[in-house]
Amino acid sequence: MKGWTGRFLRVNLSEQSTSVQEYEPSLARAFLGGRGFAIKILWDELRAGTAPLSPENILVFMAGPLTGLPVPSSGKLVVAAKSPLTSGYGDGNLGSRAAVMLRRAGYDGIIIKGASDKPVYLYIENEKVEFLNADDLWGMSTFDTEKKLSETHGKDVGILCIGPAGENLVLYANVHSQEGRAGGRPGMGAVMGSKKLKAIVIRGTREIETANPEELKRLGEEGYEEIKKKPNYDFWRRQGTMATVEWSQENSVLPTFNFREGEFENADKIGGYAMEKIKVLQRGCPYCNMICGNVVEDAEGKRVELDYENVAMLGSDIGLGDLKKISVLNRLADEYGIDTISVGNAIGFAMEASEKKLLKEKIEWGDFDAAKTLLEDIVFKRNDIGRLLANGVKYAAEKLGNNSKDWAMQVKGLEISAYDCHFAPAMALSFGTSPIGAHHKDAWVIAWEVQVGRESYTREKVAKVIELQRIRGGVFECLTACRLPWIELGFELDWYPKFLKAATGMEFTFDELYRIADRIYTLIRAFWIREFRGRWGREMDIPPARWFKEPLTKGRYKGKTLDLEKYNQMLSWYYEMRGWDERGVPTKKALKDLGLENIITELEKIITLK
Amino acid sequence: MRSTETRKVCVKLLGYIAEMLGFRNRELNIGKGLRVRELLKGVNVDEKRIIVLINGKPANMDSILRGGEYVVIMPVVGGG
């Protein structure tokens, strides 16, 4: 095989043993890499009903056929496991030197089973794998952990680690790298913590073998040049994703006061222009020339990397309009290794619950000190409210009752990322059908929806959501390369089959790539159904009642809500286009068409397929 | 008589488009009227990746402004 290394590193933490698996080339052709490999392994090897924080859960790090090659923005990997937050499939991607090092060490992925009794970290150098004592690192922030490990192993290694949130099993702890790069929102960091695995350090010194290295180099150079020529390249380098604050405000989709509103009175104080005034440094992921990591100095004089999602969820959504203070919350979340989107939701939920007198604590909108305290209450589970919110807003609403589930802003247990959908039905469907719970990664359809008109609930919108899921959630998550050159700058998709051909020697048409994406989506869906058994139903794909029942009270779209009946119509069309039945369960025909007939028997033990 | 009046529109530009034209918000005279495209004359933008809203409704580069409108021109930004 070329392009792929064709090898997985298998690690058993209980036994402190490792082995190398040479996988079949047919796996690569059918599942491509990254997310595709992750779900295939979890489906095949994870026993249904496994407790997510038990040693039996499987933690998977997967790269793809473009990872670490000299083509645009290819320095990423996917981390996946059964999610402790949602009890379904969970994953996320992050940019890290560890992705590049993993491939240079000769692996496309790491599959981790079992759990250690004591804190350990893995040191991987090509064929050598060591289990090293992590007693001294346990309790350290992600920033300090990396610093310490770089001192021990050198600066030329790739590091993935967790912070105290992962150690303390906060259900939305994630995996971190390079001071602020994070992935695995649905608790991949907690799974790592449950295995007492503090970090993975990788040094790879080999060439990644490709089919046509000269062609790949030439194409890569051309690609980087093409990206630089895009009209918004310079501005992107200035503001990165932070420009979206202004965009979302203009379109009334900036989450404000726990998604009650879509406009925030202090939006101009927390946007891209405000960020530029306090920016001190810029950095990026490996093999990227868009370097969107905007580092600012926060209100406590420390450095942190800002992004749109973080700032919206820890800013407007909790009513905080001071960017330097938001930056403190962002930094603490990164240091503790907790997902900024979910913790922003949790704080917003608590502020609203306090306002409604469902909590005894007084936590007012926009109260920075209270938000900071609460964030630490959650990370360290140091009191009742911290323990309540550490399990996510779905759980908190179940405990608090009083219809708080209507404004616990989540789908399938994963908190919603930073786009308000009172007046964006396609984006609501995107959150509803995202395969990890409410996340924007798979189908960021909002810009297109603004362009074509927001009122309508049409088949065209449903088709667009699926198209984006194929490209973003399918192709990019498998390659694994960053989608931002394409989505942000208009770097054409046609480049990617060319990169793939040069890397692997294989031709991939878009038809085939989309079929792979559909296969992955359907297998992820089957995973959820297998885990949920009799509890699965189409209500799992419906966003919270707030967007349907409580109109916007401010701004140019005052009075708007989603229409539940029409949303359900779109959901039915979605199922129909995917070949799933009215329950959202794949049909036998769809499974056969996608080459998944071998899972029919197992699924039929749980549910009758149509 | 009306045809000799100077008509005005409020224009809001987002992202790199604002940088290229040198303003974010401005009231502009449009003479007797003009197409949206003419507002962006001489500027390097990717037309396929531009969103135009006139009074909050989807429009495009060929839409004609007649005066009194609020026009927003923005790139297809991502934010993730």
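What you see is a predicted model, and the numbers here were worked out from it, not measured in a lab.

1. Some words on the overall build of chain A
Then, number 1: Counting secondary structure elements, chain A contains 26 helices and 17 strands.
Then, number 2: Over its C-alpha atoms chain A spans a radius of gyration of 22 Å, differing by no more than 12% from the 25 Å that the globule rule assigns to 610 residues.
Then, number 3: Counting all 610 residues of chain A, 68% fall into the buried class.
Then, number 4: Counting only contacts in chain A whose residues sit at least 6 apart along the sequence, the fraction spanning at least 24 positions is 71%.
Then, number 5: Each charge class in chain A was averaged separately, 85 positive and 86 negative side chains, and the resulting centres sit 2 Å apart.

2. Describing the sheet that holds strand E7 (residues 70–75) of chain B
Residue and element names in this part refer to chain B.
Then, number 1: The strand order across the open sheet formed by 5 strands is E2-E1-E7-E4-E5, and the pairing between neighbours is mixed. Looking along the sheet, the strands with just one partner apiece sit at the ends: strand E2 (25–29) and strand E5 (57–59). Taken pair by pair, the neighbouring strands of this sheet meet at an average axis angle of 30 degrees, ignoring direction.
Then, number 2: Strand direction decides the pairing type here: strand E1 (residues 8–13) and E7, joined by 4 bridges, are parallel. Bridging from a neighbouring strand, Lys 12 pairs with Val 72 of E7.

3. As for unusual backbone geometry
Then, number 1: Positive phi outside glycine occurs at Leu 169 of chain A, with the angle close to 60 degrees.
Then, number 2: Mapped onto the secondary structure, Leu 169 of chain A falls in the loop between helix H5 (164–167) and strand E10 (175–177).

4. Overview of the domain arrangement of chain A
Residue and element names in this part refer to chain A.
Then, number 1: Entries for chain A in the domain assignment read domain 1 (7–203) and domain 2 (231–419).
Then, number 2: For domain 1 and domain 2, the distance between their C-alpha centres works out to 26 Å.
Then, number 3: Each side of the interface is counted separately: domain 1 has 36 residues, and domain 2 has 34 residues.
Then, number 4: Together domain 1 and domain 2 conceal approximately 2700 Å² of surface at their shared face, both sides included; 54% is due to carbon and sulfur atoms.
Then, number 5: Looking at the side of domain 1 facing domain 2, the largest losses of area belong to Tyr 172, Arg 181 and Arg 185, adding up to 30% of the total buried there.
Then, number 6: Linking domain 1 with domain 2 are 3 salt bridges, by the criterion used here.

5. Quick notes on the packing of aromatic side chains
Residue and element names in this part refer to chain A.
Then, number 1: Taken as a whole and assessed by the stated rule, the structure comprises 30 aromatic pairs over all chains.
Then, number 2: Ring centres 6.2 Å apart and planes at 80 degrees place the aromatic pair Tyr 89 and Phe 527 in the edge-to-face group. With Tyr 89 in strand E5 (residues 89–95) and Phe 527 in helix H22 (residues 510–532), the pair connects residues that are 438 residues apart, well separated along the chain.
Then, number 3: On the basis of relative accessible area, Phe 527 is assigned to the buried category, the value being 0%.
Then, number 4: Ring geometry for Tyr 308 versus Tyr 419: centroids 5.4 Å apart, planes at 35 degrees, classification tilted.

6. Considerations on the packing of helix H13 (residues 340–355) of chain A against helix H16 (residues 393–400) of chain A
Residues and elements named next belong to chain A.
Then, number 1: Taken N-terminus to C-terminus, the directions of H13 and H16 make an angle of 20 degrees; their axes are 10 Å apart at the nearest point. Compared by their axis directions, H13 and H16 come out roughly parallel. In the crossing of H13 with H16, the sense of the turn from one axis to the other is right-handed. Residue-level inspection shows Asn 345, Ala 346, Phe 349 and Ala 353 of H13 in contact with H16, the latter providing Val 393, Ala 396, Ala 397 and Leu 400.
Then, number 2: Classifying every residue of the contact of H13 with H16 by side-chain character gives 7 nonpolar, 1 polar and no charged.

7. Considerations on the sheet that holds strand E3 (residues 59–62) of chain A
Residues and elements named next belong to chain A.
Then, number 1: Pairing in this open sheet of 6 strands is mixed, and the strands run E2-E1-E6-E3-E4-E5 from one edge to the other. The open sheet has two edge strands, strand E2 (17–22) and E5, and neither has a second partner. With direction set aside, neighbouring strand axes in the sheet form an average angle of 15 degrees.
Then, number 2: Examined bridge by bridge, strand E1 (residues 7–12) and strand E6 (residues 109–113) share 5 bridges and lie parallel to one another. Counted as the bridge partner of Phe 8 is Gly 109 from E6.
Then, number 3: Against the sheet, helix H3 (residues 97–104) engages strand E4 (76–82) and E6, with an angle of about 90 degrees to E4.

8. Some words on the environment of Asn 251 of chain A
Then, number 1: Considering the arrangement of structural elements, one finds Asn 251 of chain A in the loop between helix H9 (244–250) and helix H10 (272–278).
Then, number 2: Considered as a pair, Asn 251 of chain A and Arg 103 of chain A are 148 residues apart in the sequence and their alpha carbons are 42 Å apart.
Then, number 3: In contact with Asn 251 of chain A, not counting residues within four places along its chain, are Val 450, Arg 454 and Tyr 557 of chain A together with Leu 53 and Met 74 of chain B.
Then, number 4: Within polar-contact distance, the side chain of Asn 251 of chain A engages the backbone oxygen of Trp 247 of chain A at 3.0 Å.

9. What to know about the environment of Glu 297 of chain A
All names here are of chain A.
Then, number 1: The topology assignment puts Glu 297 in strand E14 (residues 293–297).
Then, number 2: Note on Glu 297: relative accessible area 33%, which makes it partly exposed.
Then, number 3: On a C-alpha basis, the gap between Glu 297 and Thr 373 in space is 20 Å, while along the polypeptide they are 76 residues apart.
Then, number 4: Each residue touching Glu 297, except ones within four places of it in the same chain, is listed here: Ile 278, Val 280, Lys 302 and Lys 324.

10. Examining the interface of chain A and chain B
Then, number 1: Taken residue by residue, the interface counts 31 residues in chain A and 27 residues in chain B.
Then, number 2: Together chain A and chain B conceal approximately 2300 Å² of surface at their shared face, both sides included; 53% is due to carbon and sulfur atoms.
Then, number 3: In terms of surface lost to chain B, no three residues of chain A exceed Pro 231, Glu 250 and Gln 451 of chain A, which account for 26% of the buried area on that side.
Then, number 4: The tally of links between chain A and chain B comes to 3 salt bridges.
Then, number 5: Put simply, chain A and chain B have 9 residue pairs in polar contact (both at pLDDT 80 or more) between them.
Then, number 6: Tallying contributions element by element places helix H20 (residues 484–489) of chain A first for the side of chain A that touches chain B, with 5 residues.
Then, number 7: Of the residues belonging to the side of chain A that touches chain B, the class tally is 15 nonpolar, 8 polar and 8 charged.

11. With respect to the pairing of strand E12 (residues 197–203) of chain A
Residue and element names in this part refer to chain A.
Then, number 1: The element E12 is extensively covered by neighbouring structure, given that 7 of its 7 residues are classed as buried.
Then, number 2: Where strand E7 (residues 120–125) and E12 come together, 6 bridges link them in parallel fashion. Of the residues in E12, the one forming a bridge with Tyr 121 is Ala 199.
Then, number 3: Bridge count between strand E9 (residues 158–161) and E12: 4 bridges; the pairing is antiparallel.

12. Here's the deal with helix H21 (residues 495–504) of chain A
Residue and element names in this part refer to chain A.
Then, number 1: Of all 10 residues that make up H21, 8 are buried, and the element is covered over most of its length.
Then, number 2: Among all positions of H21, only Trp 495, Tyr 496, Pro 497, Phe 499, Leu 500, Ala 502, Ala 503 and Thr 504 are buried.
Then, number 3: Tucked into the core, H21 has its buried residues touching helix H7 (213–229), helix H19 (459–479), H20 and H22.
Then, number 4: Within two residues after H21, Gly 505 carries a phi angle of roughly 80 degrees, on the positive side.

13. Overview of the pattern of salt bridges
Then, number 1: Evaluation of the coordinates by the stated rule reveals 68 salt bridges over all chains.
Then, number 2: Its salt-bridge partner being Glu 127 of chain A, residue Arg 206 of chain A comes within 2.9 Å of it at the nearest N-O pair. Residue Arg 206 of chain A is found in the loop between E12 and H7, and its partner Glu 127 of chain A is found in the loop between E7 and strand E8 (128–133); the two are separated by 79 residues along the sequence.
Then, number 3: Exposure remark for Arg 206 of chain A: the relative accessible area of 32% places this residue in the partly exposed category.
Then, number 4: Judged by relative accessible area, which is 44%, Glu 127 of chain A ranks as partly exposed.
Then, number 5: A salt bridge links Glu 19 of chain B to Arg 238 of chain A, with the shortest nitrogen-to-oxygen separation between them at 2.8 Å. Linking Glu 19 of chain B in helix H1 (residues 15–21) with Arg 238 of chain A in helix H8 (residues 233–239), this pair reaches from one chain into another.
Then, number 6: What makes Glu 19 of chain B partly exposed here is its relative accessible area of 34%.
Then, number 7: Three or more residues joined by partner-sharing salt bridges are found here, namely Arg 35, Asp 91, Lys 441, Asp 442, Glu 477 and Arg 483 of chain A.

The rules we used
- Residue indices begin from 1 for each chain and proceed along its sequence in written order.
- Chain letters and ligand numbers both follow the written order, the letters beginning at A and the numbers at 1.
- Residues qualify for local features only when their pLDDT is at least 70, as the model is predicted, and side-chain atom pairs are given and counted only at 80 or more; totals for whole chains, interfaces and linings, by contrast, use all residues.
- In computing side-chain values, all of the structure's heavy atoms are included and hydrogens and water are not.
- Per the convention used, a helix needs a DSSP run of H or I reaching at least four residues, while a strand needs a run of E reaching at least two, with both numbered from the N terminus.
- Throughout, radius of gyration means the C-alpha value; the globule benchmark is 2.2 Å times the number of residues raised to the power 0.38.
- Burial status follows relative accessibility: with a 1.4 Å probe on protein chains alone, a residue under 20% of its type maximum counts as buried, one over 50% as exposed, and anything between as partly exposed.
- Contacts are residue-level and defined by heavy atoms, with any inter-residue pair within 4.5 Å sufficient.
- Positive charges are assigned to Lys and Arg, negative charges to Asp and Glu, while His and the chain termini are left out of the count.
- For this purpose, a charge sits on NZ of Lys, CZ of Arg, CG of Asp or CD of Glu.
- Each pair of strands is called paired provided DSSP finds at least two bridges between the two strands.
- Only C-alpha atoms enter the line fits that serve as axes; for helices the fit covers just the stretch in contact. Angles between N-to-C directions range over 0 to 180 degrees.
- Residue ranges labeled as domains rest on an automatic or database domain assignment.
- Buried area, as used here, totals the accessible surface that two parts lose on assembly, with accessibility defined by a 1.4 Å probe and the loss added over both.
- Between Lys or Arg on one side and Asp or Glu on the other, a salt bridge is scored when a side-chain nitrogen of the former is within 4 Å of a carboxyl oxygen of the latter.
- Pairing of aromatic side chains requires ring centres within 6.5 Å, counting the rings of Phe and Tyr and the six-membered ring of Trp. Pairs whose planes differ by under 30 degrees are stacked, by over 60 edge-to-face, and all others tilted.
- An angle counts as roughly parallel when it lies under 35 degrees, as roughly antiparallel when it exceeds 145, as roughly perpendicular when it falls between 65 and 115, and as oblique in every other case.
- Crossing handedness: left-handed means the near helix sits turned counterclockwise from the far one by under a right angle, and right-handed means the same turn made clockwise.
- Throughout this entry, Asp, Glu, Lys and Arg are counted as charged residues, while Ala, Val, Leu, Ile, Met, Phe, Trp, Tyr, Cys and Pro are counted as nonpolar. The remaining residues, Gly among them, count as polar.
- Polar contacts, as used here, are pairs of N or O atoms within 3.5 Å; protein pairs need one atom able to donate a hydrogen and one able to accept it. Residues neighboring in sequence count only if both atoms are side-chain atoms.

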